[in-house]
Structure formats: C-alpha cells, structure tokens
Amino acid sequence: MKGRVVLYTGAAGGLGLDTTLLLLERGASVVAIDNDLTKVAALQAAAPKKGNGAKGELIVSTADLSDLAGFRATLDGLIERAGGFDVVINNAAIYPSKPFEDYLIEEHQAVQRVNVDAGIVAVQAALPGMRAKGFGRIINVSSITLSGGWANLSPYVASKMALVGLTRAWAREFGPYGVTVNAIAPGAFPTDAEKIHPDPEGYNRMVLDAQSIKRRGNAHDIANAIAFFASDESGFVTGQTLHVNGGWTMN
Ligand SMILES: NC(=O)c1ccc[n+]([C@@H]2O[C@H](COP(=O)([O-])OP(=O)(O)OC[C@H]3O[C@@H](n4cnc5c(N)ncnc54)[C@H](O)[C@@H]3O)[C@@H](O)[C@H]2O)c1
C-alpha cells in the first residue's frame, strides 16, 4: 500500500480504528473523516507518527458527513493537500433503532444522508483522479442486516442494501477505468453499533449460536478483509459483497 492515499469515513470507529492502523502499517496514507472527537483523539494517540516507524501519514478531518455540501468542500481541500484518493472506504454509519411506524421521514432521510449519500459525494470527488491514474479501489461497508431483514432498523437496512446496489452499478461503470468496487458485510461485532441491543448477554449467545465459527468477530477480521480489497492484489474482483460474519449467513 506504500504511496497509496485512502479516504476513510468513520475511520475512528470500533471497526475503523484497527483498519486505519493496519493500512498505515502497510504504508498507505489515511485521510480519516470522523466527527466523534473522543474517538478521533484515540485514533491519533494510537497511530504511529510518520517518520517514527510509520510509512504512511494519518490526516484527520472532523467534517460532519450529514452536511453534504460542507463535506464536498472539505474533500476538495483534502484532494489538493493529499494529491487525490486511490482508495475510498465508505464506512461511517448511524443506526437508530425503533419500530418502522415511529420513524419520521426526515429521520429516515437523515440515515440515508450519512450512510449512503456521503459515500456518493466521496466517490464523486475521488473518481476523476482515479480515472486519470487508471487505478482505484472503492469499498462500501454494508451489513449482515440486509441478509435477513432485521426488525426496528428499517432506515439502516435500506441504506446498507443501497450500498450493495451502488457497489454493483459502480463496479460495472468504473471497471473500464481500472477502478474496482466491492462491499464488505460485517456480521455482529462488539462495537458501539451493538449497544443498541437491550440484552447484551442474550445477544452474545444468539450470535454465537448463529455463527459457524464459535468466537465473536473482532476488528482485525474486518481490517484484513478491507486491506485485501484496498490492495493491488484484489484487482480482478469487483462488484462483490464479502460477508465477514463467521459463517452466520452464507451467500
Ligand atoms: N459493529 C458491527 O457489528 C457491525 C455490523 C454490521 C455492519 N457494521 C458496519 O460497519 C461500519 C462501522 O461500524 P462500527 O461498528 O465501527 O460503528 P461505529 O459507530 O463505532 O463507527 C462509525 C463511525 O462513523 C462516525 N460517524 C457517524 N456519523 C458521522 C457523521 N455524520 N460525520 C462523520 N462521522 C460520522 C462515528 O463517529 C463513528 O466513529 C458501519 O458502516 C456499520 O454499519 C458494523
């Protein structure tokens, strides 16, 4: 990954932090977008400093993805500074949980804005540079929830399926430019995203029963999958969704 520049939304989150560290270790520079100041501080503390063991540079922006025009302006500035993005990882997400009838349409739209529309903005900003180079990797982080529905998460599930649709449409359209597009669908990982479940012990049991592999997934499992799609080695794989879920659902 030496010399590659990665744009990574939600990079300071439960799954993002380890992946960011792995990409830095492999020589990439990572432009991390995350508006949680506490998590960003933890990422900055964990990342090795360039010239002090690190091969790539960590650049952080606390832009709010729900402000799409502001995000685009931030990206244009970052492209000037970093010289374009070779890899885009659309990972940031919000995941409100309640019965379908209780969602206002504005709440539904707010989920699509962060989970899907910000990814569209990121790809629109990055694509001209990728086309010019004849190289690009786009990775959309989806979810196991689209494989089995999932109650009380309808805006989130809709957003995660939309990302799979975009993955396929973009893969077809950008393939001729040397740009691959793939999705990762994580299973259940013990991060903040899991705190929406009211009975943690029961949930843990349910997950282990459902999985073929009888341990909980960890952030390294996701980091390794993302690192593959981000690498030069994955160049003949595009339009796919990789389910990293311990053999819970099988596709
Ligand atoms: N953890 C799981 O079990 C699980 C399962 C399936 C899918 N996923 C997906 O994996 C991805 C990462 O999830 P995670 O577990 O690391 O969750 P997380 O909440 O720890 O990470 C998401 C990150 O996105 C950032 N973010 C959210 N809204 C933002 C905004 N408006 N502007 C800027 N940043 C914003 C948050 O600050 C957070 O750091 C998400 O797309 C999630 O849907 C996670």
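Residues numbered from 1 in each chain as written. Predicted model: local features only at pLDDT ≥ 70, side-chain atom pairs only at ≥ 80, totals over all residues. Heavy atoms only, no water.

As annotated in an unreviewed UniProt entry, the protein is SDR family oxidoreductase from Sphingomonas tagetis. Per its UniProt entry, the protein bears the Sequence similarities (unreviewed entry) comment "Belongs to the short-chain dehydrogenases/reductases (SDR) family." (UniProt positions renumbered as here; feature names shortened; annotations may be inferred.)

Focus: the layout of surface pockets
If you add up the space inside the largest pocket, you get close to 820 Å³. For the lining of the largest pocket, a count of residues per class yields 20 nonpolar, 13 polar and 7 charged. (1 Å grid on protein atoms, 1.4 Å probe; cavity = no way out; pocket = protein on both sides within 12 Å on 5 of 7 lines; lining within 4 Å. Points joined across faces, edges and corners; volume = space filled by probe spheres on them. Nonpolar A, V, L, I, M, F, W, Y, C, P; charged D, E, K, R; others polar.)

Things to note about the pairing of strand S6 (residues 179–186)
Across the 8 residues of S6, 8 count as buried, placing the element largely inside the fold. Of the two faces of S6, the one lined by Val179, Val181, Ala183 and Ala185 and the one lined by Thr180, Asn182, Ile184 and Pro186 are each fully buried. Two strands pair when backbone bridges link them, and strand S5 (residues 136–141) and S6 are joined in this way by 6 bridges, in the parallel orientation. By the bridge assignment, Asn140 is partnered in S6 with Ala183. As paired strands, S6 and strand S7 (residues 241–244) are joined by 4 bridges and run parallel to one another. (Buried < 20%, exposed > 50% of the residue type's maximum accessible area, 1.4 Å probe, protein only. Helix = DSSP H or I, 4+ residues; strand = E, 2+ residues; numbered from the N terminus. Pairing = 2+ DSSP bridges.)

Re helix H7 (residues 200–210)
Buried within H7 are the following residues: Gly202, Tyr203 and Val207. Down the axis, H7 shows its buried residues gathered within 135° of arc, on one side only. What points out from H7, more than 90 degrees from its buried face, is the exposed set Glu201, Arg205 and Asp209. (Arc of directions from axis to C-beta.)

Topic: the site of the ligand
Around the ligand, the structure places 30 residues, and the nearest of them are Asp34, Tyr95, Tyr156, Phe189 and Thr191. In this structure, Phe189 approaches the ligand through a main-chain N or O atom, which is 2.6 Å from an oxygen atom. Thr191 places a side-chain nitrogen or oxygen 2.6 Å from an oxygen atom of the ligand. Considering the ligand on its own, with 820 Å² of exposed area, one finds that the protein chains cover 94% of that surface. When atoms are counted within 2 Å of each cavity's grid points, the one that captures over half of the ligand is the largest pocket. Within the shell around the ligand, the residues separate by chemical class into 15 nonpolar, 10 polar and 5 charged. (Near = heavy atom within 4 Å. Polar contact = N/O pair within 3.5 Å; in protein donor to acceptor, adjacent residues only side chain to side chain. Areas by Shrake-Rupley, 256 points an atom, 1.4 Å probe, with all protein chains shown as cover. Sits in = over half its atoms within 2 Å of the grid points.)

Here's the deal with the packing of aromatic side chains
According to the stated counting rule, one finds 5 aromatic pairs in the structure shown. Ring plane angle 20° and centroid distance 6.4 Å describe the contact between Phe174 and Tyr177, whose orientation is recorded as stacked. Their ring planes at 45° and their centres at 5.5 Å tell us that Phe228 and Phe229 sit as a pair that is tilted. Cluster of aromatic residues (ring-pair linked, three or more members): Trp170, Phe174 and Tyr177. Cation over ring: Arg4 sits above Phe135, and NZ or CZ is 3.6 Å from the ring centre. Positioned above the aromatic ring of Tyr177 is the side chain of Arg131, whose terminal nitrogen or guanidinium carbon lies 3.9 Å from the ring centre. (Phe/Tyr/Trp six-rings, centres within 6.5 Å; stacked < 30°, edge-to-face > 60°. Lys NZ or Arg CZ within 6 Å of the ring centre and 35° of its normal.)

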